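An overview of the molecular structure
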Amino acid sequence: MANYAIRVYRNRDYNAVRMLFAEGMMEHFPATCAYLLKLPRIQFVLFISFITLILISRSYLLSLVSLAIAFTAGRRLLLSEFHQYVDECQREDLLDIEESYMASNNSCFWVAESNGRVVGMVGVQSAQRSSEVMELRRLSVAKDWRHNGIARTLCLKVIDFASQRGYKVVKLETSMIQIAAHKLYETLGFLKTDTRIFPSLLGRFANFYVMTYEYMIKD
Ligand SMILES: CC(C)(COP(=O)(O)OP(=O)(O)OC[C@H]1O[C@@H](n2cnc3c(N)ncnc32)[C@H](O)[C@@H]1OP(=O)(O)O)[C@@H](O)C(=O)NCCC(=O)NCCS
């Protein structure tokens, strides 16, 4: 049995929480690359580009090198989108965690700690000042601490917190590549209530979607 304890956030957790969030997000980068490369429309664009390059240059080598450069550029573009997303989050609620989560009675942030190290985290806030819906945010567990039930315990903490304050729904957003998270939410009783395309050029081109899950709190 893994030895950890769940407790509310303290100021000294600040750097560890921000780093854990960034690591949890960035680890989805390889899966996103793989997803994009499997898309027929991207394979089609690459194929047409390759044929065009051969016709123009009449050189397989030059065409392959050009394609490799295009791959590298595409990878960099995607990586910068990931970094941009992490930066945005770290400039929003994760910039002042105390103010965003600990200042109100209707929000909170917890960490899972083991031997003084932050190994898991989750936050909860009222969704757009709603008195019925709470939003679960920033769930992440350190890679070497996965499969110990930490995320499940953190989610149950959020549900219990919302329930005690009379909220009816716990809602969250996740993306199509966060497969482990989908399984976790579904085993806890969350239901997928919405699916929509990620609002960016790349999101629309790649048909990359984000989902809303909701947990209905029983009276
Ligand atoms: C998703 C995440 C939080 C799960 O953390 P965890 O502590 O390993 O999860 P738990 O041990 O509490 O798992 C609870 C249940 O979730 C499901 N689950 C968790 N990880 C899974 C995986 N890799 N594959 C399939 N199901 C998984 C299982 O049903 C599991 O129950 P079981 O252990 O009885 O099979 C973790 O993988 C993570 O931090 N990922 C990166 C950040 C992220 O994607 N966060 C989600 C934001 S929406």
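This write-up is about the structure you can find in this document. Because the structure is predicted, anything quoted here is derived from the model rather than measured.

Scanning the entire structure with this criterion turns up 9 aromatic pairs. With 5.0 Å between their ring centres and 65° between their planes, tyrosine 101 and phenylalanine 109 make a pair best called edge-to-face. Ring geometry for tryptophan 110 against phenylalanine 161: centres 5.4 Å apart, planes inclined by 85°, an arrangement best described as edge-to-face. One end of the pair, tryptophan 110, is in strand β2 (residues 108-114); the other, phenylalanine 161, is in helix α6 (residues 150-164), with 51 residues separating them in the sequence. Of the two residues, tryptophan 110 and phenylalanine 161, neither departs from the other in class, the shared state being buried. One Lys or Arg, arginine 165, reaches over the ring of phenylalanine 161 and ends 3.7 Å from the middle of that ring.

Tracing the backbone shows alanine 2 in the segment before β1 (5-8). Once the C-alpha coordinates of alanine 2 and glutamate 113 are considered, the two residues, 111 residues apart in sequence, prove to be 11 Å apart. Residues in contact with alanine 2, not counting those within four places in the same chain, are Trp145 and Asn148.

What follows concerns the state of the cysteines. For the coordinates displayed, the defined rule picks out 0 disulfides. The cysteine cysteine 108 is free of any disulfide, with cysteine 155 supplying the nearest cysteine sulfur at 14 Å. Owing to a relative accessible area of 7%, cysteine 108 belongs among the buried residues under this scheme.

Rules of the game
Residues numbered from 1 in each chain as written. Predicted model: local features only at pLDDT ≥ 70, side-chain atom pairs only at ≥ 80, totals over all residues. Heavy atoms only, no water. Phe/Tyr/Trp six-rings, centres within 6.5 Å; stacked < 30°, edge-to-face > 60°. Helix = DSSP H or I, 4+ residues; strand = E, 2+ residues; numbered from the N terminus. Buried < 20%, exposed > 50% of the residue type's maximum accessible area, 1.4 Å probe, protein only. Lys NZ or Arg CZ within 6 Å of the ring centre and 35° of its normal. Contact = heavy atoms within 4.5 Å. Disulfide = S-S within 2.5 Å.

Nothing here speaks to function; it is geometry throughout.
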